[in-house]
Amino acid sequence: MNPFKELPKDSRIAYSNWKSIAVPSYDKNTTGPYTKTRVILMNGTEFESNWFLHHLNRHCLNNEIRRAAAEVRRQEQQQQKRIAALKPIDETILETTIGYEQLAVDLTAEMAKKEPNPIVKAQLDFALLEDFDHLYRYANLLDMEEGVHTERLVGGYTEITPGRPTISEHRHPNDDVRFYINSWQDSLITRLHTGIITAAEQQTMNYYMNLGSFYHSDLGRKLYTEIAMIEEQHVTGYGSLMDPACTLLECWVMHEYTECYLYWSCYQDESDERIKKIWLMHFEEELKHLKIASEILLKYEGRDWEQLFVGGAEFPSLLKLKENKEYIREVMKSVRQTGYKETTVNINELPDGSEFFKYQKQVNPTESQVASHLVIDKYIKKHGEDYRFENKPNVEKTLRERAVDNIELGRKKGA
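Calculation notes
- Residues numbered from 1 in each chain as written.
- Predicted model: local features only at pLDDT ≥ 70, side-chain atom pairs only at ≥ 80, totals over all residues.
- Heavy atoms only, no water.
- Helix = DSSP H or I, 4+ residues; strand = E, 2+ residues; numbered from the N terminus.
- Rg over C-alpha atoms; globule rule 2.2 N^0.38 Å.
- Buried < 20%, exposed > 50% of the residue type's maximum accessible area, 1.4 Å probe, protein only.
- Contact = heavy atoms within 4.5 Å.
- Areas by Shrake-Rupley, 256 points an atom, 1.4 Å probe, with all protein chains shown as cover.
- Salt bridge = Lys/Arg side-chain N within 4 Å of Asp/Glu carboxyl O.
- Core = buried A, V, L, I, M, F, W, Y, C linked by side-chain atoms within 4.5 Å.
- 1 Å grid on protein atoms, 1.4 Å probe; cavity = no way out; pocket = protein on both sides within 12 Å on 5 of 7 lines; lining within 4 Å.
- Points joined across faces, edges and corners; volume = space filled by probe spheres on them.
- Nonpolar A, V, L, I, M, F, W, Y, C, P; charged D, E, K, R; others polar.
- Pairing = 2+ DSSP bridges.
- Expected span 1.5 Å × (residues − 1).

> Please explain the overall build of the protein chain as it appears in this structure.
Within the protein chain, the regular secondary structure consists of 13 helices and two strands. Over its C-alpha trace the protein chain gives a radius of gyration of 22 Å, about what one expects of a compact globule, namely 22 Å for 415 residues. Across its three principal directions, the C-alpha atoms of the protein chain cover 65 × 45 × 35 Å. The proportion of buried residues among the 415 residues of the protein chain is 59%. Residue pairs at least 24 apart in sequence account for 85% of intrachain contacts in the protein chain once pairs closer than 6 positions are excluded. Summing over all exposed atoms, the protein chain offers an accessible surface of approximately 17400 Å²; the carbon and sulfur share of this is 53%.

> Is there a simple way to explain the pattern of salt bridges in this structure?
Any two side chains of opposite charge can pair, so long as their charged atoms come close to each other. Within the structure shown, the criterion is met by 33 salt bridges. Taking the shortest distance from any N to any O, the salt bridge between Lys 299 and Glu 64 comes out at 2.7 Å. Within this pair, whereas Lys 299 is found in helix α10 (residues 273–301), its partner Glu 64 is found in helix α3 (residues 63–85), the two being separated by 235 residues in sequence. With a relative accessible area of 55%, Lys 299 lands in the exposed category. Taking the relative accessible area as the measure of exposure, Glu 64 reaches 36% and is therefore partly exposed. A salt bridge links Arg 137 to Asp 405; its shortest N-O distance comes to 3.1 Å. Taken as a pair, Arg 137 in helix α5 (residues 118–146) and Asp 405 in the segment after α13 (371–383) lie far apart in primary sequence, 268 residues in all. Each member of the pair, Arg 137 as well as Asp 405, carries the same accessibility label: buried.

> Would you take a moment to explain the environment of Phe 315 for this structure?
Mapped onto the secondary structure, Phe 315 falls in the loop between α10 and α11 (325–331). As for Phe 315 and Asn 2, which are separated by 313 residues in sequence, their C-alpha atoms are 6.0 Å apart. When neighbours within four sequence positions are excluded, Phe 315 is seen to be in contact with Met 1, Pro 3, Tyr 257, Cys 260, Tyr 261, Trp 264 and Phe 283.

> Is there a simple way to explain the side chain of Gln 79 in this structure?
Tracing the sequence through the fold places Gln 79 in helix α3. By relative accessible area, Gln 79 is classed as buried at 0%. Non-local contacts of Gln 79, meaning those with residues more than four positions away in its chain, are made with Glu 46, Glu 259, Tyr 263, His 282, Glu 285, Glu 286 and His 289.

> Just to check I follow, could you spell out the nonpolar core for this structure?
Residues Leu 41, Leu 107, Trp 252, Tyr 257, Trp 279 and Phe 309 are the most contacted members of the largest nonpolar core, which totals 104 residues. In terms of residue count, the dominant contributor to this core is α5 (13 residues). Every residue in contact with Trp 279, bar those within four places of it in the chain, is listed here: Arg 38, Val 39, Met 42, Ile 83, Tyr 263, Cys 266, Tyr 267 and Glu 270. Counting five residues, the second largest nonpolar core, distinct from the first, contains Val 345, Ile 347, Leu 350 and Phe 357.

> Would you mind showing me how to read empty space enclosed by the protein here?
The probe, sized like a water molecule, is rolled over the atoms to show the empty space still left. Within this structure, the stated rule accounts for three cavities of 30 Å³ or more. In this model, the largest cavity occupies a volume close to 60 Å³. Forming the walls of the largest cavity are Tyr 136, Arg 137, Pro 162, Pro 165, Asp 386, Arg 388, Thr 398, Leu 399, Glu 401, Val 404, Asp 405 and Asn 406. Partitioning the lining of the largest cavity into residue classes produces five nonpolar, two polar and five charged.

> How should I be thinking about the pairing of strand β2 (residues 343–346) in this particular structure?
Two faces make up the sheet, and in a regular strand the side chains alternate between them. Two strands pair when backbone bridges link them, and strand β1 (residues 337–340) and β2 are joined in this way by four bridges, in the antiparallel orientation. Pairing of Thr 338 across the sheet is with Val 345, part of β2. In sequence, β1 turns back onto β2 through a hairpin of two residues, with Lys 341 there showing a positive phi of about 55 degrees.

> Explanation requested: the layout of surface pockets in the structure shown.
Considered as a void within the structure, the largest pocket measures approximately 610 Å³ in volume. For the lining of the largest pocket, the secondary structure elements donating two or more residues are α2 (33–58), α7 (188–211), α8 (218–239) and α9 (248–269). No other element matches the eight residues that α9 contributes to the lining of the largest pocket. Taken together, the residues that form the lining of the largest pocket break down as 13 nonpolar, 11 polar and five charged. Taken as a whole, the second largest pocket encloses approximately 440 Å³ of empty space. Taken together, 27 residues make up the lining of the second largest pocket; nearest its centre are Asn 43, Lys 87, Thr 96, Tyr 100 and Tyr 207.

> Quick question: what am I supposed to make of the side chain of His 234 here?
Checked against the element boundaries, His 234 lands in helix α8. The contacts of His 234, once residues within four sequence positions are left out, are Ala 127, Glu 130, Asp 131, His 134, Arg 171 and Glu 201.

> Help me out: how do you make sense of helix α4 (residues 93–114) in this one?
Because an α-helix completes one turn every 3.6 residues, residues spaced three or four positions apart along the sequence face the same direction. Given a rise of 1.5 Å per residue, 22 residues ought to cover 32 Å, and the 32 Å separating the end C-alpha atoms of α4 matches this to within 8%. The buried count for α4 comes to 19 of 22 residues, which makes it a mostly enclosed element.

In short, shape yes, function no, at least from these values alone.
This is the structure we're talking about:
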């Protein structure tokens, strides 16, 4: 499908009433895990769209463009509120967090498998192992404090086992900035991937930043604080991949195109018939937004949408969330990688005077104070071993020991 060929004749926006926005929530006990993750994904997509349009509003001299953006932004806000309403009241902060991490793991893996740009793929694989470890840490906290087993929440589709230890993810900011893509040379799927994953990780960062302080235990609050900092690193890494040479109007068109792509993907992939109708309704609304943005680009920059999609605007293979256990196991072979300037290297190859080691000493002067380690250590002391859900033993042999939390792998040379 080419969404530009599906554009509505009328680009006028019709706003929803309050009843239409306040849709019934899903049932947390019967709704499938990938329906829940699609809700999180599209909530983050709408958040990104709204904040991009606010950014446009603050850096644009033309009030006609700003009024057009305000009209679109108002409907994007209504879409976001409708999606947010799908989350049920009885789903706890930590249960929702499991959905965030399952999305991060399986979304990242799905993109990495299809990504043609080696720099983008490397960043996807690198951050994948960190979100994978976050899922493991939160799962132990969930069982310890709420008595809920995460394998039920993830439907058995995603394994619960250590990845790159969260304590090893604490890097100096300079080591999270990557090389950016070129929109005129890179494929459409690469452009989509960089925008989608940046928005998804940004949503996770914001959720942990804002909701973590409402968690009911001190240990949980500290874990959210720590992992929120890692998510900030991920947003830095992913955001730095995006082409900074694009104009704001080019970015606007690409934002709307991305939303069309995602809503159409969700519609095709959705198993819940009620929520499927929401994805279709939002897709049709996004077609209007795409038409408005395209008309603005043509009027004020004199360029047709075809000039932004020189290889064609047909949707590449649609995004489908599914099990990625074997791919993740393959990526686990690089668990000792750490950031170094614009790339990643094995921790054993990192120069001794690198900023990584200096930063580690600053933020982790006492390992026993690091929340991600404390959660596992406390769980082991209570149960004798950590909580896991594995189809096979962990790929990394040093992570198979269940009575001790490994906090040296990927952090100390020779570990």
